[in-house]
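Close look at the chain arrangement
Listed below are the residues making up each chain.
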Amino acid sequence: MIDVKIESSWKEALSEEFSKDYFVNLREKYYTAFRSSKVLPPPKLLFNAFNLTSFHNIKVVILGQDPYHNIENNIPQAMGLSFSVPKGVNPPPSLKNIFKELNRDLGIEIPNNGDLSSWAIEGVLLLNSLLSVEFKKPLSHKDFGWEIFSDNVINLLSNKKKNLVFMLWGNYARNKKNLIDSNKHLILEAPHPSPLAKGFVGCSHFSKCNNYLKNNNIKEINWKLS
């Protein structure tokens, strides 16, 4: 990949994945798109979710679908973390609803930015199903093979880890439920946090997550953004 490094524990865990035919084809499609159009997130942030949350440190997985496809204040909205935007970019409506539920559930003050990097460092894998997108063209890279990759990541985590919390928000994420062993992990399902959906606010996923981690002698997530 162009200007991309992936954290060592993930490099080892996914070594076979990177050599598979579909990923070789994915790499070529990504190179071609990068040479001919504006691709988001920036290449150095393509594997940001993996670089901030090592394979050994994962406690929670929050699955998104597609990177943000716009640029605001000359800053790409996409930063390689599902639902997250960099400082200097206004939190999108779905992220505002996530903060609203966080405040309702745990009493955490709503932050003034949408950068979720501190969650990732705490052990929350903020994984988009598709890792790249063309500027202003949502789902434009849906046929690259990213979904095969992210599904295999979920399957790997389900098989190799135990006592993870998977937060599946919206029908797209909930359809990944069959990739997860519910006997080993906690699966939390809710409507999508988009204001167009109803029912996310009130799901109490953040407190349910921490209660599960605590009951399994795992350090709880500090959901307050730094």
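What comes next concerns the included structure. Please read all numbers here as calculations on a predicted model, not as lab measurements.

Notes on the overall build of the protein chain
Within the protein chain, the secondary structure is distributed over 9 helices and 8 strands. Burial analysis of the protein chain (226 residues in total) assigns 54% to the buried set. Within the protein chain, counting contacts between residues at least 6 apart in sequence, those at least 24 apart form 68% of the total. In the structure as shown, the protein chain presents an accessible area of about 10800 Å², 47% of it carried by carbon and sulfur atoms. Measuring between centres, the 28 positive side-chain charges of the protein chain sit 3 Å from its 21 negative side-chain charges.

Looking at the packing of aromatic side chains
Centre distance and the angle of the planes are the two values used to describe a pair of aromatic rings. The tally for this structure, following the rule as stated, stands at 20 aromatic pairs. Here the aromatic rings of F47 and W146 are separated by 6.2 Å at their centres, their planes lie at 75°, and the arrangement is edge-to-face. On the criterion of sequence distance, the pair formed by F47 in the loop between β1 (39–40) and α4 (48–52) and W146 in helix α7 (residues 146–160) is long-range, its members being 99 residues apart. The residues F47 and W146 share a single accessibility class, namely buried. Judged by centre distance (4.9 Å) and plane angle (75°), the ring pair of W169 and F200 falls under edge-to-face.

Some remarks on the pairing of strand β7 (residues 165–169)
Burial of β7 is extensive: 5 of the 5 residues sit out of reach of the surface. In β7, alternate side chains face the same way, and those of V165, M167 and W169 on one face and F166 and L168 on the other are all buried. Pairing of strand β2 (residues 60–64) with β7 involves 3 bridges; the strand directions are parallel. Residue V61 lies in a different strand from β7, and its bridge partner there is F166.

Procedures and definitions
Per chain, residue numbering runs from 1 following the sequence as it is written. Local features are withheld for residues below a pLDDT of 70 in this predicted model, meaning they are given only at 70 or higher, and side-chain atom pairs are given and counted only at 80 or more; totals for whole chains, interfaces and linings count all residues. To obtain the side-chain values, all non-hydrogen atoms of the structure were used and water was disregarded. Runs of E in the DSSP output that reach at least two residues are strands. Runs of H or I that reach at least four are helices, and both are numbered from the N terminus. Note on classification: 1.4 Å probe, protein chains only; a residue is buried when its accessible area is under 20% of the maximum for its type, exposed when over 50%, partly exposed between these limits. For this analysis, residues touch if any pair of their heavy atoms sits within 4.5 Å. Note on areas: these come from Shrake-Rupley sampling with a 1.4 Å probe, and a residue is covered only by the protein chains present in the view. When charges are tallied, Lys and Arg are placed among the positive residues and Asp and Glu among the negative ones, while His and the ends of the chain are skipped. For charged residues, the charge sits on one atom: NZ in Lys, CZ in Arg, CG in Asp, CD in Glu. Aromatic rings from Phe, Tyr and Trp, with only the six-membered ring used for Trp, were paired whenever their centres fell within 6.5 Å, and each pair was classed as stacked if the ring planes differed by under 30 degrees, edge-to-face if by over 60, and tilted otherwise. Strands pair, by our definition, only if DSSP identifies at least two bridges between them.

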